[in-house]
Amino acid sequence: MERQTLYCELDFLLRLIENKPAPLPAYEMEEPGELTNWKKYIGLFLHDSRIFIDASREKFYDLIKTNKFFTTLLKQFQSNDIDIRFYRLEEMETRQDDFFNEVDPHALFFIENTEKCRKLAEEYGMIFVSNEIRNDFAECIFGYETDYVSISKKENKLRSWDFISRYKHPCNALIISDNYILSDNKKMKNNLLKLIDKLLPGKLERDFQLIILTGNARENLHIESCYSFLSEQINRLRDYHIELKIVAKSIDNHDRNILTNYLWISSGYGFSIFKGQHINANTHFSINPIVSRKSIRDVVESLKMQYKKIEQEGDNIGAEIVVMPKEKTREVTSRLLKNTPS
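Thresholds, definitions, all that
Residues numbered from 1 in each chain as written. Predicted model: local features only at pLDDT ≥ 70, side-chain atom pairs only at ≥ 80, totals over all residues. Heavy atoms only, no water. Pairing = 2+ DSSP bridges. Helix = DSSP H or I, 4+ residues; strand = E, 2+ residues; numbered from the N terminus. Axes fitted to C-alpha atoms, helices over the stretch in contact; angles between N-to-C directions. Contact = heavy atoms within 4.5 Å. Phe/Tyr/Trp six-rings, centres within 6.5 Å; stacked < 30°, edge-to-face > 60°. Buried < 20%, exposed > 50% of the residue type's maximum accessible area, 1.4 Å probe, protein only.

Visitor: In this structure, what is going on with the sheet that holds strand β8 (residues 208-214)? I would like to understand it.
Guide: Within a sheet, adjacent strands bond to each other through the backbone by hydrogen bonds, running parallel or antiparallel. With mixed pairing, 8 strands are arranged side by side in an open sheet as β6-β14-β11-β10-β7-β8-β9-β15. Two strands lie at the open edges of the sheet, namely β6 (148-151) and β15 (321-324), each paired on one side alone. The sheet shows a mean angle of 10° between the axes of neighbouring strands, direction not considered. As defined by bridge partners, strand β10 (residues 257-260) adjoins strand β11 (residues 263-267) across 3 bridges and the pair is classed as antiparallel. Paired with Ile258 across the two strands is Ile265, which belongs to β11. Those strands touched by helix α9 (residues 185-199) are β7 (173-177), β8 and β10, and its axis lies near 150° from that of β7.

See below:
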């Protein structure tokens with residue numbers, strides 16, 4: 001069963017439980033957003049999750065005797081709705097890169113100290129949530145109000161990729177799949193580079209991994225020139241290093257997706273949408289958080305298996321494949337495509 005991985009300090013969980021936002025008076029029809037978010041976080045721990053709790057087994061079972069939430073947590077574990085493990089988060093700090101190289105790339109971390117959360121997010125490009133800032137991440141984890149964006153040649157006021165900035169979040173890897181995203185340098189400047197710029201985290205203390213899956217594998221010289229052009233342009237966008245890889249294949253690929261650690265964006269037309277102030281085609285974008293809905297996680301896992309197969313077995317699926325840089329051929333470089341811990 002595919003579960004959402006959560007690492008959680010006990011102090012975070014206790015404070016989350018104890019500080020339930022007050023409901024509005026009965027005459028108010030709408031539930032306050034803070035209470036809605038609180039319920040969503042509680043639900044995240046109680047359904048389809050693998051929870052690493054920073055506590056001893058003895059402390060956990062002591063809490064079961066006095067705290068209804070922990071009693072419910074145990075019942076969910078006994079019914080196999082969730083998995084509970086005991087894990088000292090000090091190992092995360094002791095092992096550092098070794099830990100984060102092995103961890104589920106979609107894991108969420110719940111730590112009580114806000115400044116520590118911010119520091120670790122910049123260090124590793126993953127989401128660290130304290131009770132103080134949990135509402136700031138609610139949309140990214142549970143879904144956006146505008147999770148379906150339509151773009152029209154005639155009616156839509158969106159004329160650039162600026163709208164995608166609202167979906168920026170801590171991440172350390174990105175996969176773009178689009179057969180025509182590399183068709184020419186002007187399209188790349190107007191679309192690919194601007195799109196990437198809107199999604200890249202502002203700060204990161206490790207390399208960012210970017211894979212572009214596209215078509216035109218038979219045009220080797222074109223792919224090589226694209227790689228050269230993009231390598232130079234992309235690493236001007238941020239102070240940290242962006243490790244670029246292009247995988248081009250000769251078989252048709254109708255996927256038009258963007259994946260990060262925490263977000264899946266699909267497009268009906270593709271991502272070469274804008275031409276100056278003009279729009280090339282009518283399309284729509286579906287924007288989904290990966291972590292909160294099992295149905296979405298299942299789709300994303302299916303996509304990742306497909307992309308991993310392209311990287312590893314290009315010769316065995318009847319496809320001509322070109323990988324840039326050449327020395328990286330057949331090597332799965334994205335953290336998003338590695339096998340996640342069971």
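Visitor: Looking at this structure, I do not really get the packing of aromatic side chains. What am I missing?
Guide: Between two aromatic rings, the relevant description is the distance of the centres plus the angle of the planes. One pass over the full model with this rule turns up 27 aromatic pairs. Ring geometry for Tyr41 against Phe142: centres 5.0 Å apart, planes inclined by 85°, an arrangement best described as edge-to-face. Of this pair, Tyr41 sits in helix α2 (residues 33-46) while Phe142 sits in helix α8 (residues 138-142); the two residues are 101 residues apart in sequence, bridging distant segments of the chain. Ring pairs connect the aromatic residues Tyr7, Phe52, Tyr87, Phe99, Phe100, Phe109, Tyr124 and Phe128, which therefore count as one cluster.

Visitor: Hey, could you run me through the environment of Gln76 in this one?
Guide: Mapped onto the fold, Gln76 is located in helix α4 (residues 68-78). Given the relative accessible area of 14%, Gln76 is considered buried. When the C-alpha atoms of Gln76 and Asp48 are compared, they prove to be 9.4 Å apart, with 28 residues separating the residues in sequence. Ignoring sequence-local partners within four residues, the contact set of Gln76 consists of Leu46, His47, Asp81 and Ile82.

Visitor: Honestly, the side chain of Ser272 in this entry has me stumped. Any pointers?
Guide: When you line up the elements, Ser272 lands in the loop between β11 and β12 (274-275). With residues up to four places along the chain from it excluded, the contact list for Ser272 reads Asp178, Tyr180, Ile181, Lys187, Asn191 and Asn280.

Visitor: When you look at the sheet that holds strand β2 (residues 49-54) in this model, what are you seeing that I'm missing?
Guide: Overall, parallel pairing links the 5 strands, which are arranged β3-β2-β1-β4-β5 in an open sheet. Pairing within the sheet leaves two strands with one partner each, and these edge strands are β3 (83-86) and β5 (127-129). The mean angle between the axes of side-by-side strands here comes to 20°, regardless of whether they run parallel or antiparallel. In the sheet, β2 pairs with β3 via 4 bridges, with the strands oriented parallel. Residue pairing in the sheet places Phe52 in a bridge with Arg85 of β3. Across the sheet, helix α1 (residues 10-18) is in contact with β1 (4-9), β2, β4 (108-110) and β5; its angle to β1 comes to roughly 90°.

Treat this as a map of the structure, not an account of what it does.
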